[in-house]
Amino acid sequence: MTRLGLAALAAACLAAPAFADDERGMEFRLGVTAHDLADHVEDGPNITVDALFASPDFLELIWSPRPYLYGSFNTNGLTNFGATGLAWNWAFSENWNFEFRTGLSYNDGVEDIDPNSPPDDPTRIRLATTRSLMGNEILFHNAIGLDYDLNDHWSVGAYYEHISHGQILASGRNQALDNAGIRIGYRWGR
């Protein structure tokens, strides 16, 4: 999945002139995602909170991405994670915006099953059937989104996100998480 992230980053770089025109200011978003779409091991929707900040001047060299802080909290008490990184926005029509973001995340999920536990161990069986085995606490966070501006302050959108180590931040187990959801945003400081 790392190649997909690199391809998305390359596409963002090619669209650089459009990204540079975005003067979005500060933004707060609240959302809900379907959790673990790829493996369907973990259940329950996630509640998400997101803060995007105005792009500082020194990031103009890379087309003015906005720094972000993000939290995703599972309603069934399974894997939660927080992330930080950079988000690029491209306004491709009057009210529609495409977003690409990349960063790092920290999760409280299960890294792996103890290799010394016997195959019939109840804990091993429970973890293998109810938890995504993340492989590491620190993972890449990549996301794409499509947002519609209702007015100067409010927006609604849909997005897809992926967290994994991509065999770069760790090796071995890498079940990762894929989530997709909807969000509402409030923007100020434009």
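Parameters and conventions
Residues numbered from 1 in each chain as written. Predicted model: local features only at pLDDT ≥ 70, side-chain atom pairs only at ≥ 80, totals over all residues. Heavy atoms only, no water. Core = buried A, V, L, I, M, F, W, Y, C linked by side-chain atoms within 4.5 Å. Buried < 20%, exposed > 50% of the residue type's maximum accessible area, 1.4 Å probe, protein only. Helix = DSSP H or I, 4+ residues; strand = E, 2+ residues; numbered from the N terminus. Contact = heavy atoms within 4.5 Å. Pairing = 2+ DSSP bridges. Axes fitted to C-alpha atoms, helices over the stretch in contact; angles between N-to-C directions. Patch = residues over 30% accessible without salt bridge, like charges linked within 9 Å, V, L, I, M, F, W, Y side chains within 5 Å. Areas by Shrake-Rupley, 256 points an atom, 1.4 Å probe, with all protein chains shown as cover. Salt bridge = Lys/Arg side-chain N within 4 Å of Asp/Glu carboxyl O.

Caption draft 1: Summary view of the nonpolar core. Grouped together as the largest cluster of nonpolar side chains are eleven residues: L52, Y68, Y70, F81, A83, A87, M134, L139, Y159, I163 and L177. If you list the elements that add at least two residues to this core, you get β3 (66-74), β4 (81-91) and β7 (154-164). The dominant element in this core, judged by the number of residues it contributes, is β4, at three residues. Apart from the residues within four sequence positions on either side, L52 is in contact with G25, M26, E27, R29, R66, P67, Y68, A87, E99 and R101.

Caption draft 2: Looking closely at the sheet that holds strand β2 (residues 46-52). With respect to topology, eight strands assemble into a closed barrel ordered β1-β2-β3-β4-β5-β6-β7-β8, the strand pairing being antiparallel. Averaged over all adjacent pairs, the angle separating strand axes in this sheet is 25°, with direction ignored. Across ten bridges, the pairing between strand β6 (residues 138-149) and β7 is antiparallel. In the strand pairing of β7, L146 is matched with A158.

Caption draft 3: Spatial organisation of unusual backbone geometry. Even without a glycine there, the phi angle at D36 is positive, about 60°. The residue D36 is located in the loop between β1 (26-34) and β2 in this model. The class of D36 is buried, set by a relative accessible area of 1%. Here the phi dihedral of S64 falls at roughly 55°; this positive angle occurs in a residue that is not glycine. Secondary-structure assignment places S64 in the loop between β2 and β3.

Caption draft 4: Region of the structure containing a nonpolar patch on the surface. A cluster of nonpolar side chains, F28, L30, V32, I47, F73, L150, W154, V156, I182, I184, Y186 and W188, forms an exposed patch at the surface whose accessible area comes to about 1100 Å². Of the residues forming the nonpolar patch, the biggest block, four residues, is contributed by strand β8 (residues 177-188). Looking at the secondary structure, you find L150 in the loop between β6 and β7. A residue is classified by how much of its surface remains accessible, and L150, at 48% relative accessible area, is partly exposed.

Caption draft 5: Layout of the environment of F28. Checked against the element boundaries, F28 lands in strand β1. For the pair F28 and R187, spaced 159 residues apart in the sequence, the C-alpha separation amounts to 6.5 Å. When near neighbours in sequence (up to four residues on either side) are disregarded, F28 contacts V49, D50, I184, G185, Y186 and W188.

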